[in-house]
Amino acid sequence: MNGYKRSFSRKEAVRKSAEILRDFGAAFFPLDIQHLLSSFGKQINVAPYSKMKPVDGAVPVDPKMMSKDGFCTRIPDSLFWYLDEFIESSTWCIYYNEKAMNSRLRFTIMHELGHISLMHHQIFHINTLNGLDDDPEYKAADDQADVFSVNILAPAPAVYRLLKEHGFTYVRGRVSSWQLTDREAPFLRNLGTVPNPEVLVMTAFGLSQSAANRRLAELPNDLKLWETLDPELYAYVENIPH
């Protein structure tokens, strides 16, 4: 019987991203993803498609089914007894398409870390999450990994602080958007020109244009989820320099 609950909530993805930022001790944005991944030691390995190695004598995934961006393979290691249950220990290989732009690579690799952190491989009883696009539950899990990636690369509190510092407010209407409402904002006075909020987020957090647009669109709802977390955790992430 599967001991892992099939829950793919947005709140859980936000919570997990916040905890990893805290436990890693993130000191600045854009997030240093190489340093973050190295904090997992040998438990997580990262390699481009061109250096993909066979696992147990076989290629991890059929090349015809390989994602254009990346995927993650779990290598079950051992079971050990902890308190009153067996705990599964695994190592992981994240593979990525090195031909993609750097901002896209960053999102892809953190998306795969989301799959690992949210235990999607264990939930689906599968070592490689690939070729499941027609499964509605997998689609929900993949969306959850996207939420994780957005929130670890550009966490809502830090993005909100950046926008406020540059005089932007979320204005609701027929087409809700982030608009300049404070021309006396401290950081705005130093620029001399009105910045584009999308470019601000892309530059400060190392996001692609599409990821920055998604971050801005989802920011109001994600802020509400962040506000349900430990206030000290919220404040820590909010004040990470960028």
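Residues numbered from 1 in each chain as written. Predicted model: local features only at pLDDT ≥ 70, side-chain atom pairs only at ≥ 80, totals over all residues. Heavy atoms only, no water.

**Q** Please provide a residue-by-residue account of the overall build of the protein chain, values included.
**A** Scanning the protein chain from N- to C-terminus turns up 10 helices and 5 strands. Taking all 242 residues of the protein chain together, 47% fall into the buried category. The contacts in the protein chain between residues at least 6 apart in sequence include a share of 66% that link residues at least 24 apart. Accessible surface computed for the protein chain: about 13100 Å², of which carbon and sulfur atoms make up 53%. (Helix = DSSP H or I, 4+ residues; strand = E, 2+ residues; numbered from the N terminus. Buried < 20%, exposed > 50% of the residue type's maximum accessible area, 1.4 Å probe, protein only. Contact = heavy atoms within 4.5 Å. Areas by Shrake-Rupley, 256 points an atom, 1.4 Å probe, with all protein chains shown as cover.)

**Q** Summarise the packing of helix H6 (residues 156–165) against helix H10 (residues 231–238); cite the residues concerned and give the values.
**A** Contact geometry for H6 and H10: axes closest at 7 Å, N-to-C directions at 50°. The angle between the axes of H6 and H10 places the two elements in the oblique class. The two elements H6 and H10 meet at a crossing, and its hand is right-handed. For the pair formed by H6 and H10, the contact residues are Pro-157, Ala-158 and Arg-161 on the first element and Tyr-234, Val-237 and Glu-238 on the second. (Axes fitted to C-alpha atoms, helices over the stretch in contact; angles between N-to-C directions. Parallel < 35°, antiparallel > 145°, perpendicular 65-115°, else oblique. Left-handed = near helix turned anticlockwise from the far one by under 90°.)

**Q** Could you give an account of the packing of aromatic side chains, naming the residues involved and the relevant values?
**A** By the definition in use, this model includes 7 aromatic pairs. For the pair Phe-71 and Tyr-95, a centre-to-centre distance of 5.3 Å together with 35° between the ring planes defines the contact as tilted. With Phe-71 in strand E2 (residues 70–82) and Tyr-95 in strand E3 (residues 85–96), this residue pair connects regions lying 24 residues apart in the sequence. The exposure class assigned to Phe-71 is buried, which follows from its relative accessible area of 1%. (Phe/Tyr/Trp six-rings, centres within 6.5 Å; stacked < 30°, edge-to-face > 60°.)

**Q** If you had to explain the nonpolar core to someone new, which residues and values would you point to?
**A** Of all hydrophobic cores here, the largest spans 54 residues; its most connected members are Leu-31, Ile-152 and Phe-205. Contact partners of Leu-31, with chain neighbours within four places excluded, come to Leu-21, Phe-24, Ala-26, Leu-36, Arg-106, Ile-152 and Leu-153. Among the nonpolar cores identified, the runner-up in size contains 7 residues, and Ile-123, Phe-124, Tyr-138 and Ala-141 belong to it. (Core = buried A, V, L, I, M, F, W, Y, C linked by side-chain atoms within 4.5 Å.)

**Q** Just give me the short version of the state of the cysteines, but keep the residues and values in it.
**A** Following the criterion strictly, the structure yields 0 disulfides and no others. With no disulfide of its own, Cys-72 lies closest to Cys-93 among cysteine sulfurs, the gap being 7.6 Å. Judged by its relative accessible area of 1%, Cys-72 is buried. Classification of Cys-93 as buried rests on a relative accessible area of 12%. (Disulfide = S-S within 2.5 Å.)

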